[in-house]
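# Architecture and fold: a report
Single-letter residue listing:
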Amino acid sequence: MSPWIDRILKEFPADLSRLWIAADPDDVLLDEQVLSGLRERGFEVLPFEDSVAFRAEYEDRYRKAWDRGEAAPAKALVLHLRGTNVSDLPWDYLRQARRVSLSLANLFPRLSYPVVRQIGAEHHEALFAAQAKHASQALGESATKEFVLTHIFKISPHLISRPEDLWRELLRLHYRDAGLPLVLADHVAHVLGDHAAFKDLPIGELFASKSTLLRVVQDAWYRYLSRLGLTGTRTGEPTPADFLAKADVPFEHPDVRVLVDSMFLDGLLHPLAVHGAAVSIPEWAKVGIVQDPLALRNLVAEGIKGILQSLPTLESSYRDWANLSRRFGEVLARFHALDTVRAEGLKTAIAELQATTDERLRQWVTKHYADLPSLPVAKGPVMVHHVPRFLSMRRGAGEAKIALLVFDGLAVDQWVQIREALAKRAPKLGFEESACFAWLPTLTSVSRQALFSGLKPREFADTIESTSPEPTQWSRFWQDQGLRANEVMYRKGIKRTDQLAELGAAISAPSIRVAGMVVDTVDEIVHGAVLGKRGIAAQIESWCESGFVDQLFSLLLDKGFHVYLTADHGNVEAVGQGRPNQGVAPELRGERVRTYRSESLVAESAAANPNTYRLDVAGLPANFMTLFAGGRAAFMQQAEPAVVHGGISVEELLVPFVKISYVS
């Protein structure tokens, strides 16, 4: 274990107390590795966000068991306080608990606290090591910025003097999904401000925003091909409009082209369909064009190889899985776009990719999933129940009107398809894309209810088998944030263009500040699918051609809403392994999962049904137990194919989280 993790864990010696209070204004404790280390020591961390909810959970799950001399869910409970004022806590907690104070100011005494607190938690471990090795004295604000840029991001802005230097650093950063925090991006922009070669570029935004960088490079690639005499666009897309920065990227420089090549293979950049013979284009650049279906087939094949060579490990971060899901979605969307003959030739490779990633994810989930609900959400939701809290933070940051679109059942690869259709129909729409985890089991009544309520499933145990409480839960969350009931709207069943007029009238009400909407189309297509995900892809294409999606986005944006899109779960192709042969009925009959209300029932079903596995999912009600179908199998008629959800796979468990806006 690293010195950083050891330094924090040493504050929690085992067996000193069963109840702890951690005053942690910087969320130091809410680090994946720290939470995992605490869990291994027998500690559970429970954020103190609502005194009533905390007391109910503490009393029911811990105190009663301890008072009876019985084992609780963990040996010790840590009350996590996002602040320093412990005197506001109930007196009985203060009397019983052992107190610990954690802060970045104390952990990084030689660095400027205002700078360090704006650096992402994923960099704290490396920064702690760099401080110990390289910071011999206290550094001021400017020196701390230079220190972090040098030792964490490996950038020295004073050495960037040529265009190839700038674009190499930009591409390297964003390929690793390591864009600079705003405080550092602004510092780099200030240092480079006097360079004539960069004066027309939004330097700070390019270093901070991956979506901005990719838009600019995509447009520059089109113009690069034009200079080589090739006319073409991203497949079906009109000529890029004037709203994109006209930056010249030195694609032919070796340091730049090797990164651009990788970005095309991973789907971060999109190859352009070109017309005519590409005799004038360098061999290295052919990864960025599509002349015929064979080129697209080769792009899919290389994408599969690339993912298999860089799969997350058991100790990887949730961020690695979120990034993997997006690369996976790009490859799968391209695969479904192939003609039948070329797709058939890649079916074995796709199946290997799916089986390998699913098994690796299942191992990771077994060890780390329990830590995800407690992770901080300031940068974006880690799980779907974080979404309302994240949106509330965005309102606090100035986004006065927010619309949340939940595309029920939308997998990441299907979002990629929708995004590409929008690139053709509505090129002024821009997307800031990320991913988050659905709740297990990936059933609508579990995960979508968590999404709209902002609660863990254990906190809505009485309604876990229904979606009917969603409007009330959505309204209650926002009323707890200070809004009135008439300022919150909920709609479901939205799917057709003829519904948009009524929706537009509803959201035009002056009182509406927050709107939550369920778009059902994809889920309906999935449940009616008879030709697998390739057939679903064809139906989604037709749906997008109806204009519904881009009209919905534009309607909300034109009404002044900040628009976010996500899903409650995804979907996979599976094959029936037979319906469970058992004498007891499960509570919920998902195709990929069955749930039971007693230990004996789930044990009996597991013993009677091979190719199944159990998983104790932290955050579910104690009497809500899961039995999952193994591999890509389903609890359906033997050998029957279907597109389903409920289980643990990249396509089911990780869902898109996207901010939609007009590109300015």
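In this text, all values refer to a predicted model and were calculated from it rather than measured experimentally.

### What to know about the overall build of the chain
Within the chain, the secondary structure is distributed over 26 helices and 20 strands. Radius of gyration (C-alpha) of the chain: 26 Å, near the 26 Å computed for a compact globule of 664 residues. Principal-axis analysis of the C-alpha atoms places the extent of the chain at approximately 80 × 70 × 50 Å. The buried share among the 664 residues of the chain stands at 58%. Charge separation in the chain, taken as the distance between the mean sites of 74 positive and 82 negative side-chain charges, equals 2 Å.

### Comments concerning the packing of helix α17 (residues 387-396) against helix α20 (residues 470-480)
The packing of two helices is summarised by the inter-axis angle and the distance between the axes. Where α17 contacts α20, the two axes come as close as 11 Å, and the packing angle between them is 40 degrees. Considered as vectors, α17 and α20 are oriented oblique to each other. In this structure, α17 meets α20 at a crossing whose hand is right-handed. Contacts between α17 and α20 involve P388, R389, L391, S392 and R395 from the former and W474, F477 and W478 from the latter. Looking at the contact of α17 with α20 residue by residue, the class counts come to five nonpolar, one polar and two charged.

### Description of the sheet that holds strand β18 (residues 633-634)
Adjacent strands of a sheet form backbone hydrogen bonds with each other and so pair up, either parallel or antiparallel. With mixed pairing, three strands are arranged side by side in an open sheet as β18-β13-β19. The sheet terminates laterally at β18 and β19 (641-644), the two strands that pair on one side only. Alignment of strand β13 (residues 572-576) against β18, held across two bridges, turns out to be parallel. Bridge pairing links G576 to A634 in β18. Relative to the sheet, helix α23 (residues 532-545) contacts β13 and β19, its axis offset from that of β13 by approximately 140 degrees.

### Quick look at the nonpolar core
In terms of nonpolar packing, the biggest core is built from 192 residues, with W167, F207 and F553 touching the most fellow members. Residue contributions to this core peak at nine residues, all from helix α12 (residues 210-227). When residues no more than four places from it in sequence are discounted, the contact partners of F553 are L405, F407, L422, L429, F431, L565 and I660. In terms of nonpolar packing, the next biggest core, distinct from the first, is built from 20 residues, A23, F54, L77 and A97 among them.

### Here we look at the packing of helix α9 (residues 163-175) against α12
The interhelical angle for the contact between α9 and α12, taken along N-to-C directions, is 125 degrees, at an axis separation of 10 Å. With respect to α12, the element α9 is oriented oblique. Between α9 and α12 lies a crossing whose hand is left-handed. Taken together, the residues of α12 that come into contact with α9 (itself represented by W167, L170, L171 and H174) are K210, L213, V216 and V217. Looking at the contact of α9 with α12, its residues break down into six nonpolar, one polar and one charged.

### Regarding unusual backbone geometry
Here L440 and P441 are connected by a cis peptide whose omega angle stands at -5 degrees. By the element assignment, P441 lies in the loop between β9 (429-437) and α19 (444-453). For K154, which is not glycine, the phi torsion reads 60 degrees and is therefore positive. Among the structural elements, K154 can be located in the loop between α8 (141-151) and α9. On the basis of relative accessibility, which here comes to 55%, the residue K154 falls in the exposed class. Residues other than glycine seldom take positive phi values, yet N611 does so here, at roughly 55 degrees. Among the secondary structure elements, N611 is positioned in the loop between α25 (599-608) and β16 (612-614). A relative accessible area of 44% means that N611 is categorised as partly exposed.

### Regarding the pairing of strand β11 (residues 514-519)
Burial within β11 is extensive, with six of its six residues counted as buried. Burial of the side chains of β11 extends over both faces: V514, G516 and V518 are buried on one face and A515, M517 and V519 on the other. Relative to β11, strand β10 (residues 488-494) runs parallel, the two sharing five bridges. Looking across to β11, one finds that R491 is bridged to M517. Handedness of the crossover joining β10 and β11 through helix α21 (residues 500-507) is recorded here as right-handed.

### Some details on the environment of V387
Relative to the assigned elements, V387 resides in helix α17. Taking the C-alpha atoms as reference points, V387 and Q499, separated by 112 residues in sequence, lie 26 Å from one another.

### Topic: the side chain of Q414
With respect to the helices, strands and loops of the structure, Q414 is situated in helix α18 (residues 412-425). For Q414, a relative accessible area of 2% gives the class buried. In this structure, Q414 is in contact with G409, V522, K533, I536, I540 and N571, ignoring residues within four places of it in sequence.

### Description of the confidence of the model for the chain
Taken residue by residue, the chain gives an average pLDDT of 90. The fraction at 70 or more is 95%. Contacts of residues 235-243 to residues separated by more than four positions or lying in other chains number 18 contacts, the stretch itself having pLDDT below 50.

### Quick notes on the packing of aromatic side chains
Under the defined criterion, the tally for this structure stands at 33 aromatic pairs. With a centroid separation of 5.2 Å and 50 degrees between ring planes, the pair formed by F12 and W20 is classed as tilted. In this pair, the class of F12 matches that of W20, namely buried. Ring centres of F108 and F128 lie 6.1 Å apart, and the angle between their planes is 85 degrees; on these two criteria the pair is classed as edge-to-face. Of this pair, F108 sits in the loop between α5 (104-107) and α6 (113-116) while F128 sits in helix α7 (residues 124-134); the two residues are 20 residues apart in sequence, bridging distant segments of the chain. Neither F108 nor F128 differs from the other in exposure class; each is buried. Taken together, the ring pairs in this structure connect F48, F54, Y58, Y62, W66 and Y93 into an aromatic cluster. Lying across the ring of Y613, R362 places its NZ or CZ 4.1 Å from the centre. When the ring centre of F561 is taken as reference, the NZ or CZ atom of K401 above it lies at 4.5 Å.

Procedures and definitions
Residue numbers here run from 1 along each chain, matching the order of that chain's written sequence. Given that this is a predicted model, residues contribute local features only at a pLDDT of at least 70 and side-chain atom pairs are listed and counted only at 80 or more, while totals for whole chains, interfaces and linings are drawn from all residues. Calculated side-chain values reflect all of the structure's heavy atoms, with hydrogen atoms and water omitted. A run of DSSP states H or I qualifies as a helix once it reaches four residues; a run of E qualifies as a strand once it reaches two. Both are numbered from the N-terminal end. What the globule rule says is 2.2 Å times the number of residues to the power 0.38, and the radius of gyration is computed from C-alpha atoms. With a 1.4 Å probe rolled over the protein chains alone, any residue whose accessible area is under 20% of its type maximum counts as buried; one over 50% counts as exposed, and the rest are partly exposed. Charge counting follows a simple rule: Lys and Arg are positive, Asp and Glu are negative, and His as well as the terminal groups are ignored. Charge positions are represented by NZ for Lys, CZ for Arg, CG for Asp and CD for Glu. Geometry is summarised by axes, namely lines fitted to C-alpha atoms with helices restricted to the contacting stretch, and by angles between N-to-C directions that run from 0 to 180 degrees. Note on terminology: angles under 35 degrees are roughly parallel, angles over 145 are roughly antiparallel, angles of 65 to 115 are roughly perpendicular, and the others are oblique. Handedness of a helix crossing follows the sense of rotation of the near helix relative to the far helix, less than a right angle counterclockwise being left-handed and clockwise being right-handed. Two residues qualify as a contact provided that any one of their heavy atoms is within 4.5 Å of a heavy atom in the partner residue. When residue character is reported, Ala, Val, Leu, Ile, Met, Phe, Trp, Tyr, Cys and Pro are called nonpolar, Asp, Glu, Lys and Arg charged, and the others, Gly included, polar. A pair of strands is treated as paired once DSSP finds two or more bridges between them. Among the buried residues, those of types Ala, Val, Leu, Ile, Met, Phe, Trp, Tyr and Cys that are joined through side-chain atoms within 4.5 Å form a nonpolar core. Seen with its strands pointing away from the viewer, a crossover is right-handed if its path from the first strand over the helix to the second goes clockwise. Confidence of the predictor at the level of single residues is given by pLDDT, which spans 0 to 100. Paired rings are identified among Phe, Tyr and Trp, the last through its six-membered ring, by centres lying within 6.5 Å, and are further divided according to the angle between planes into stacked (under 30 degrees), edge-to-face (over 60) and tilted (the rest). Put simply, a charge is over a ring when the Lys NZ or the Arg CZ is close to the ring centre, within 6 Å, and near the line of the ring normal, within 35 degrees.

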